[in-house]
Amino acid sequence: MIRWAAALALLLCAGPAAGQTPSPPTREQSLADLQRPDIEARRQGAVWLGETGRMEDVSALVKALRDPDEVVRRLAENSLWRVWSRSGDPEIDALFALGVEQMGLRQGPAAVAIFTRIIEKKPEFAEGWNKRATVYYLMGEYEKSLADCDEVMKRNPDHFGALSGYGQIYLRLQQPERALPYFERALAVNPNMEGVAQLIEELRALIVKKRRESV
């Protein structure tokens, strides 16, 4: 997967001549670039929306997940995560970064405590719920994870990560029939999830086999 920073570096290298300092595009310009026929413009728009985009721009980035250019699609996916991870409040964002760090260190209870504080302070911030759902999943607290996924969907129905999360939880609960629709919904939002696409095919075959054996 192309990382945002690496892609941005490549785009800037292709920018104005040496000695000129390019001005970062505005949010409005980035949105317009994302709609242009020129591939490089769309790539730039997808990159910079990760920096300047807001939740109201999610629909434009979701649409870009179906761009003919693979680089645009990958950049748009990365930018969606960046937009989702910004609360608009520096204090909340600092707590969020700490919680993510604790997740990486597998400090589950501490991470849950941080994300709970975020949820209490800013309940409309969907990614706070999503990260707590992820930690609960890693801790084996599947019912709590499902409940938090429900809260994510209320605030961000395009969250393909949470949709896939539902599927993973139901697989752990040995309920493939319930998992499959969530994986299908995740892929409908983001058709670039190759692992999910493969899993869908495997689950469909498994469910057909189970039905035949039960006859």
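Now for a look at the structure at hand. Here the structure is a predicted model, which is why all the values come from computation and not from measurement. (Residues numbered from 1 in each chain as written. Predicted model: local features only at pLDDT ≥ 70, side-chain atom pairs only at ≥ 80, totals over all residues. Heavy atoms only, no water.)

1. Points about the nonpolar core
Then step 1. Within the largest apolar cluster, 42 residues are counted, with the highest numbers of intra-cluster contacts made by Leu 34, Leu 61, Leu 80, Phe 160, Tyr 166 and Phe 183.
Then step 2. Secondary-structure elements contributing two or more residues to this core are helix H3 (39-52), helix H4 (58-64), helix H5 (70-84), helix H8 (126-138), helix H9 (142-155), helix H10 (160-172), helix H11 (176-189) and helix H12 (194-214).
Then step 3. Beyond its immediate chain neighbours, meaning those up to four positions away, Leu 80 contacts Val 58, Leu 61, Val 62, Leu 65 and Phe 160.
Then step 4. Ile 92, Ile 114, Ile 118 and Tyr 136 belong to the second largest nonpolar core, which has 12 residues in total. (Core = buried A, V, L, I, M, F, W, Y, C linked by side-chain atoms within 4.5 Å. Buried < 20%, exposed > 50% of the residue type's maximum accessible area, 1.4 Å probe, protein only. Helix = DSSP H or I, 4+ residues; strand = E, 2+ residues; numbered from the N terminus. Contact = heavy atoms within 4.5 Å.)

2. Focus on the pattern of salt bridges
Then step 1. Overall, the coordinates contain 20 salt bridges when judged by the stated rule.
Then step 2. Asp 57 is the salt-bridge partner of Arg 27, the closest N and O atoms lying 2.7 Å from each other. One end of the pair, Arg 27, is in helix H2 (residues 27-33); the other, Asp 57, is in the loop between H3 and H4, and 30 residues separate them in sequence. Each member of the pair, Arg 27 as well as Asp 57, carries the same accessibility label: buried.
Then step 3. The salt bridge involving Glu 56 is made with Arg 54; its shortest N-O contact spans 3.7 Å.
Then step 4. Taking the relative accessible area as the measure of exposure, Arg 54 reaches 45% and is therefore partly exposed.
Then step 5. Through salt bridges with shared partners, one network takes in Arg 27, Glu 28, Arg 54, Glu 56 and Asp 57. (Salt bridge = Lys/Arg side-chain N within 4 Å of Asp/Glu carboxyl O.)

3. Quick word on unusual backbone geometry
Then step 1. Despite not being glycine, Arg 106 shows a phi value in the positive range, around 60°.
Then step 2. Here Arg 106 lies in the loop between helix H6 (90-104) and helix H7 (108-121).
Then step 3. The exposure class of Arg 106 is exposed, given its relative accessible area of 75%.
Then step 4. The phi torsion at Gln 174 lies on the positive side, around 60°, for a residue other than glycine.
Then step 5. Mapped onto the fold, Gln 174 is located in the loop between H10 and H11.

4. Overview of H10
Then step 1. Between the first and last C-alpha of H10 there are 19 Å, a value that for 13 residues agrees with the 18 Å anticipated at 1.5 Å per step.
Then step 2. Buried within H10 we find Phe 160, Ala 162, Leu 163, Ser 164, Gly 165, Tyr 166, Gly 167, Ile 169 and Tyr 170.
Then step 3. On its buried face, H10 sits against H5, H8, H9, H11 and H12.
Then step 4. Backbone geometry just after H10 places Gln 174 at a positive phi near 60°. (Expected span 1.5 Å × (residues − 1).)

5. Some details on the packing of H10 against H11
Then step 1. Contact pair H10 / H11: the axes reach a minimum separation of 8 Å and the direction vectors enclose 165°. The angle between H10 and H11 places the two elements in the roughly antiparallel class. Two packed elements cross with a definite hand, and for H10 against H11 that hand is left-handed. Contacts from Phe 160, Leu 163, Ser 164, Tyr 166, Gly 167, Gln 168, Tyr 170 and Leu 171 of H10 reach H11 at Pro 176, Arg 178, Ala 179, Tyr 182, Phe 183, Arg 185, Ala 186 and Val 189. (Axes fitted to C-alpha atoms, helices over the stretch in contact; angles between N-to-C directions. Parallel < 35°, antiparallel > 145°, perpendicular 65-115°, else oblique. Left-handed = near helix turned anticlockwise from the far one by under 90°.)

6. Notes on the packing of aromatic side chains
Then step 1. By the definition in use, this model includes eight aromatic pairs.
Then step 2. Arranged with centres 5.2 Å apart and planes meeting at 75°, the rings of Trp 81 and Trp 84 form a pair that is edge-to-face. In this pair, Trp 81 and Trp 84 are both assigned in helix H5, three residues apart and thus about one turn of the helix distant.
Then step 3. Ring plane angle 20° and centroid distance 5.9 Å describe the contact between Tyr 170 and Tyr 182, whose orientation is recorded as stacked. With a gap of 12 residues between them, Tyr 170 in helix H10 and Tyr 182 in helix H11 connect regions that are remote in the sequence.
Then step 4. Taken together, Trp 81, Trp 84 and Phe 160 form an aromatic cluster joined through their ring pairs. (Phe/Tyr/Trp six-rings, centres within 6.5 Å; stacked < 30°, edge-to-face > 60°.)

7. Notes on the side chain of Asp 67
Then step 1. If you trace the backbone, Asp 67 turns up in the loop between H4 and H5.
Then step 2. The class of Asp 67 is buried, set by a relative accessible area of 9%.
Then step 3. Only 2.8 Å separates the side chain of Asp 67 from the backbone nitrogen of Asp 69, close enough to count as a polar contact.
Then step 4. When sequence neighbours within four positions are dropped, the list of residues in contact with Asp 67 reads Arg 42, Val 72 and Arg 73. (Polar contact = N/O pair within 3.5 Å; in protein donor to acceptor, adjacent residues only side chain to side chain.)

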